Amino acid sequence: MPTAKPLAARLAHIPPTVFSEMSALAVRTGAINLGQGFPDVDGPPSVVAAAEAALEAGANQYAPGIGVPALRAAISRHQQRHYGLEPDPDREVVVTTGCTEAVAAALLGLVDPGDEVVVLEPYYDSYVAMLEMCGARRRPVTLRAPDFRPDLDELRSAVTDDTRLILLNTPHNPTGTVLTRDELQVVADLAIEHDVVVVTDEVYEHLVFDDARSAEGHVPIATLPGMWERTLTLSSAGKSYSFTGWKVGWATGPEPLVQAVLAAKQWLTFTSGSPLQPAVAHALDHEPDWPLELARDLQLRRDLLCEGLAAAGLDPRVPEGTYFATTDVSHLGWPDGRAFCLALPELAGVVAIPTQGFYDDREAGRQLVRWAFCKERDVIGEGVRRLAAADLSR
Ligand code: GLN
């Protein structure tokens, strides 16, 4: 063992990901896991069969770094079908190892040390780790409880000529907020005025509910006038097709932004998994309705969870999209959501995620807890039954 400290300074103050910590807690205590967002039912069998066929057919060596042509073409068709965007599959689409790698490569490819990045908080935890690894300066704009909408004045004062990049996430994890066209237009106006690139993580693009505040559902900011040329849109098959472990993601946008992703990606993973790419192409082309069915079913499970949480005295903010609902636990005598989540397996046999670690403004998130509803109905039902039966007050 060398005597010098082993961990680089850029990682030393970032705690391990709370998702792994809380899933390990669920395994250790045998608790119901309403924490980490992964479905407990897999995606379409025809897509698994397509992956098996690709393995058998010899798709076992390196894929092209930019991604296999069939998948890039299918991603382009998907963007056209849903949003009227027509990325050139050879120059304006790149395949990544999950959206997490797309975020990493986008930031490494576009942000220099010291550059300022405006980001909505609470932020998905990999953003902050990647921004640290890039040496970026974070300029958070807080989505505040209870309604978790962006404060447009706060946004206007955050974006300046010093801003290098705006990092968006809609539908938003962990709050479940789906940004409206009007809110996105404010971001777009600021991006154009200050000549800023927008990177937008839209992995929950199809998981929006029909009673969403905006009847339009999910709007990609790349579709607003003047935004295609400055926007890198990121997504993946993980959430839309319930294959979170496959780690197949992508970025679409104008060639210079896609090339920046590729420039970093080639040194991260070089290329992504060969046999899974044709299978995801099959999903996008031949199972186009599957994500919409998933969203319809998730809406019922959202309601089951939210009604159960309310009955247990944990009044949730009903989300417009994603897998997640958030509650404030302070009225139960828990000012600290992390302490609540660490005690919850013993109190009720349930695991949830404290979201305070997703804020620079710790006070804004200290009391907040996220609950996942991408689980089977009986799992959610048992989870909320346990919560209702337990004494959760401190
Ligand atoms: N995206 C998932 C969530 O928010 C988890 C992914 C992870 O564990 N890093 O729960």
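Located above this text is the structure these notes cover.
For the structure given in this document, a descriptive report is provided here. Just so you know, these numbers come straight off a predicted model, no measurement behind them.

A surface patch of negative charge is lined by Asp 161, Asp 162, Asp 189 and Glu 193. Following the sequence through the fold, Asp 189 ends up in helix α8 (residues 181-193).

This paragraph deals with the sheet that holds strand β2 (residues 93-96). Here we have seven strands laid out as an open sheet, ordered β2-β8-β7-β6-β5-β3-β4, and mixed in their pairing. Two strands lie at the open edges of the sheet, namely β2 and β4 (137-142), each paired on one side alone. Taking the axes of each pair of neighbouring strands and ignoring which way they run, one obtains an average angle of 20° across the sheet. In the packing of helix α5 (residues 98-110) onto the sheet, the strands contacted are β2, β5 (163-169), β6 (197-201), β7 (231-236) and β8 (249-252), and the crossing angle to β7 comes to about 160°.

Attention shifts here to the state of the cysteines. Under the defined criterion, the tally for this structure stands at zero disulfides. As a non-bridged cysteine, Cys 99 has Cys 134 as the owner of its nearest cysteine sulfur, 15 Å distant. We classify Cys 99 as buried; its relative accessible area is 9%. Sulfur of Cys 306: no disulfide; nearest cysteine sulfur belongs to Cys 374 and is 13 Å away. Since its relative accessible area comes to 6%, Cys 306 is described here as buried.

Further remarks concern the site of the ligand. All residues adjacent to the ligand are Phe 19, Gln 36, Gly 37, Tyr 124, Asn 173, Tyr 204, Lys 239, Phe 324 and Arg 370. Here Arg 370 contributes a side-chain N or O atom positioned 2.7 Å from an oxygen atom of the ligand. For the ligand, whose unbound accessible area comes to 300 Å², protein coverage reaches 81%. Grouping the amino acids of the shell around the ligand by side-chain chemistry returns four nonpolar, three polar and two charged.

Of all the five residues making up strand β13 (residues 368-372), five are buried; the element is thus mostly covered by neighbouring parts of the structure. Side chains Leu 368, Arg 370 and Ala 372 of β13 all project onto a buried face; the interleaved residues Val 369 and Trp 371 project onto the opposite face, where all are buried too. The pairing of strand β12 (residues 353-354) with β13 spans two bridges and is antiparallel. Of the residues in β13, the one forming a bridge with Pro 354 is Val 369.

Throughout the structure, instances matching the rule amount to 25 salt bridges. Between Arg 91 and Asp 88 there is a salt bridge, with its nearest N and O atoms 3.0 Å apart. A relative accessible area of 22% places Asp 88 in the partly exposed class. Measuring nitrogen to oxygen at the nearest pair gives 3.1 Å for the salt bridge that ties Arg 230 to Asp 195. Here Arg 230, found in the loop between β6 and β7, pairs with Asp 195, found in the loop between α8 and β6; they are 35 residues apart in sequence, far enough to count as distant. For Asp 195, a relative accessible area of 59% gives the class exposed. In this structure, a network of salt bridges that share partners links the residues Arg 149, Glu 183, Arg 317 and Glu 320.

Right, let's talk about helix α2 (residues 18-29) for a bit. Spanning twelve residues, α2 covers 16 Å between terminal C-alpha atoms, matching the ideal 16 Å at 1.5 Å per step. Listing the buried residues of α2 in full gives Val 18, Phe 19, Met 22, Ser 23, Leu 25 and Ala 26. Down the axis of α2, the buried side of the element spans an arc of 150°, and every buried residue falls inside it. Summarising the geometry of α2, the exposed residues directed more than 90 degrees from the buried face are Val 27 and Arg 28. On its buried face, α2 is in contact with β1 (32-33), α6 (125-134), α13 (337-348), β11 (350-351), β12 and β13. One or two steps after α2, the chain reaches Gly 30, where phi turns positive at roughly 70°.

The strand order across the open sheet built from four strands is β9-β10-β13-β12, with neighbouring strands paired in antiparallel fashion. The open sheet has two free edges, formed respectively by β9 (316-317) and β12, since each of these has just one partner strand.

Assignment of secondary structure puts Glu 346 in helix α13. Between the C-alpha atom of Glu 346 and that of Ala 31, which follows or precedes it by 315 residues, the distance is 8.5 Å.

Under the criterion given, the structure shown has twelve aromatic pairs. Between the aromatic rings of Phe 19 and Phe 358, the centroid separation amounts to 5.8 Å while the plane-to-plane angle is 40°, which identifies the pairing as tilted. Taken together, the residues Phe 19 in helix α2 and Phe 358 in the loop between β12 and α14 (362-365) connect sequence positions 339 residues apart. The class of Phe 19 is buried, set by a relative accessible area of 6%. Arranged with centres 6.0 Å apart and planes meeting at 50°, the rings of Phe 209 and Phe 373 form a pair that is tilted. Here Phe 373 lies in the loop between β13 and α15 (377-389) and Phe 209 lies in the loop between β6 and β7, a separation of 164 residues in the sequence. The positively charged end of Arg 370 is found above the aromatic ring belonging to Phe 324, 3.4 Å away from the centroid.

Right, let's talk about the side chain of Asp 201 for a bit. In this fold, Asp 201 is placed in strand β6. No salt bridge forms around the buried Asp 201; measuring N to O, its nearest opposite-charge neighbour Lys 239 is 7.5 Å away. A distance of 3.2 Å separates a polar side-chain atom of Asp 201 from the backbone nitrogen of Val 203. Apart from the residues lying within four places of it in its own chain, the contact partners of Asp 201 are Cys 99, Val 103, Tyr 127, Leu 168, Asn 169, Thr 170 and Leu 234.

Conventions used here
Residues numbered from 1 in each chain as written. Predicted model: local features only at pLDDT ≥ 70, side-chain atom pairs only at ≥ 80, totals over all residues. Heavy atoms only, no water. Patch = residues over 30% accessible without salt bridge, like charges linked within 9 Å, V, L, I, M, F, W, Y side chains within 5 Å. Areas by Shrake-Rupley, 256 points an atom, 1.4 Å probe, with all protein chains shown as cover. Salt bridge = Lys/Arg side-chain N within 4 Å of Asp/Glu carboxyl O. Lys, Arg positive; Asp, Glu negative; His and termini not counted. Charge placed at Lys NZ, Arg CZ, Asp CG, Glu CD. Helix = DSSP H or I, 4+ residues; strand = E, 2+ residues; numbered from the N terminus. Pairing = 2+ DSSP bridges. Axes fitted to C-alpha atoms, helices over the stretch in contact; angles between N-to-C directions. Contact = heavy atoms within 4.5 Å. Disulfide = S-S within 2.5 Å. Buried < 20%, exposed > 50% of the residue type's maximum accessible area, 1.4 Å probe, protein only. Near = heavy atom within 4 Å. Polar contact = N/O pair within 3.5 Å; in protein donor to acceptor, adjacent residues only side chain to side chain. Nonpolar A, V, L, I, M, F, W, Y, C, P; charged D, E, K, R; others polar. Expected span 1.5 Å × (residues − 1). Arc of directions from axis to C-beta. Phe/Tyr/Trp six-rings, centres within 6.5 Å; stacked < 30°, edge-to-face > 60°. Lys NZ or Arg CZ within 6 Å of the ring centre and 35° of its normal.

On their own, these measurements won't tell you what the molecule is for.
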